[in-house]
Amino acid sequence: MRKQIKHLENMSEFVGLSVKGGVTNAPIINPYLTKTRKKPILSVEDYVKGILDGNISVLSQAVTLIESSLPAHQKLAHCILEKCLSFAGNSVRLGITGVPGAGKSTFIEVLGMYLVSQKGKKLAVLAIDPSSERTKGSILGDKTRMEELSASRNAFIRPSPASGSLGGVARKTRETIVLCEAAGFDTVIVETVGVGQSETAVHSMVDFFLLIQLAGTGDELQGIKRGIMEMADGIVINKADGENIEKSRLAQNLFKNALHLFPYPQSQWTAEVLLASAIEKTGISQVWNMVEKYIDFVIANGYFQNNRNEQSKYWMYETIDSQIKDRFYNNINIKKLLKQVEQDVLTHKISSFAAAHKLLDKYFCEEGYEID
C-alpha cells in the first residue's frame, strides 16, 4: 500500500510542480485605517433644520435625545422641542390599544399601508414595547412585525422601551409626536402595550382612541374595563374572517349595546363598532372613514381644539410631577439619607409614612421651601 504523503504534488510523478508557502493571517483591524469616523456633533439649529427638512436620520437622533436620561441630552432636546413647537400640531393623532393577541401590529401595518399608498399620507408609528421588570430591556420588534410598512419612504416607525413608566407608555412619547409633526408627518399612530393603565396616558395625547377587540374568545366583554370602553371613540372587531365572521357580528352587537350604558362623552360623538380583518385587508377603509368623520365632527363643534388644550395642561402637570420625582431621588443628600431611613423602617423604628415625610421635609428645606 502506497505511503501517504502530506502534499501529493511533491511526489516524483508530479515533477515540475512546487508548493509555495502560505501567507500569514490578515490582521483583524485594517492597518491602513488611521482613525475611525465619528458622527458629527449637531447643533440645535442643525437638528431643527434636519427635522423641518424631513430628514429621518436627524429625526431619529433627536428622538434618542428625548428618550435619554442624561442631563446634557435633556437640555438639548428641550431646546429642539421649543424651536419645533410652532411647526407642530397639524396631524391626526390616533391611539390604538387592545387585548394581547388582538393583532394590533398587523392591523396598524395594513392601515398604514392603506394611508401611505392610497391616501398619500406621511405616517409616523410610535410603538411602545414593554420593558422587562428584571433586566429593564425591550425587544423593540415592531419594525420586524411591520416589515412592509417600515420599507415605505412615507412611514417612520419608532419602537420605544416602556422603561418602567406608567403602564408601559414611554414618558417622552408626546414630545416625540411634536417632532414627527414638525418633520411633516400628517398622521401619527401611538400603539400601546395592551389593555391597562397606559390607556389613560395615551388617551391624553391623541385625537381619536381606537380599541381593537376579538370575537370568539368566550365572553367578549370580560376583562375590558369600563374606563377603557368609555374612552374609546371607535371599536374594531379584528380577525373578522372565515368561520369567525358570525362570532364577530355577535360581538359587534354586544359592544354596541354595552356602549349605550355609558354616559354620553364630552365630544358628543357616538362611538362606532366596525368589523375588519387585517389578514384579508377588509374593512380598513371603513375604519379610516370613521376616523375622518370623527375629526370633522369634533372640529365643527369645537371639541377638537378644547381637547388639545386640556391635553397640554395635563402634560404640563405630569412633567412637573416627573421632574420633582427625578430631582428628589438624584439629590446627593437624599441618596445618603435614604438608606438610613429605609433601614429604620425595616427595623420598625419609624413608620413608612413618617419616613417619607422626613425625607420630603429634608429635600424641600434644602431647596429653600417653607414647610407648613
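Residues numbered from 1 in each chain as written. Predicted model: local features only at pLDDT ≥ 70, side-chain atom pairs only at ≥ 80, totals over all residues. Heavy atoms only, no water.

Caption draft 1: Fine view of the pairing of strand β6 (residues 234–237). Of the two faces of β6, both are covered, the one formed by G234 and V236 as well as the one formed by I235 and I237. Taken together, the four bridges between strand β5 (residues 208–213) and β6 define a ladder with parallel strand orientation. By the bridge assignment, I212 is partnered in β6 with V236. Summarising the sheet, β6 and strand β7 (residues 272–275) pair through four bridges and their orientation is parallel. The partner of G234 across the bridge, within β7, is E272. (Buried < 20%, exposed > 50% of the residue type's maximum accessible area, 1.4 Å probe, protein only. Helix = DSSP H or I, 4+ residues; strand = E, 2+ residues; numbered from the N terminus. Pairing = 2+ DSSP bridges.)

Caption draft 2: Examining the packing of aromatic side chains more closely. Scanning the entire structure with this criterion turns up eight aromatic pairs. Look at F208 and Y294: their rings are 5.1 Å apart centre to centre, the planes differ by 80°, and that puts the pair in the edge-to-face class. Of this pair, F208 sits in strand β5 while Y294 sits in helix α11 (residues 284–300), and the two are 86 residues apart along the sequence. Just as F208 is buried, Y294 falls in that class too. Here Y314 and W315 contribute two aromatic rings whose centre-to-centre distance is 5.3 Å and whose plane-to-plane angle is 85°, an arrangement assigned as edge-to-face. Owing to a relative accessible area of 27%, Y314 belongs among the partly exposed residues under this scheme. For W315, a relative accessible area of 12% puts it in the buried group. (Phe/Tyr/Trp six-rings, centres within 6.5 Å; stacked < 30°, edge-to-face > 60°.)

Caption draft 3: Layout of unusual backbone geometry. One non-glycine residue, K239, lies in the positive phi region at around 60°. Mapped onto the elements of the fold, K239 is located in the loop between β6 and α10 (245–259). For K239, a relative accessible area of 34% corresponds to the partly exposed category.

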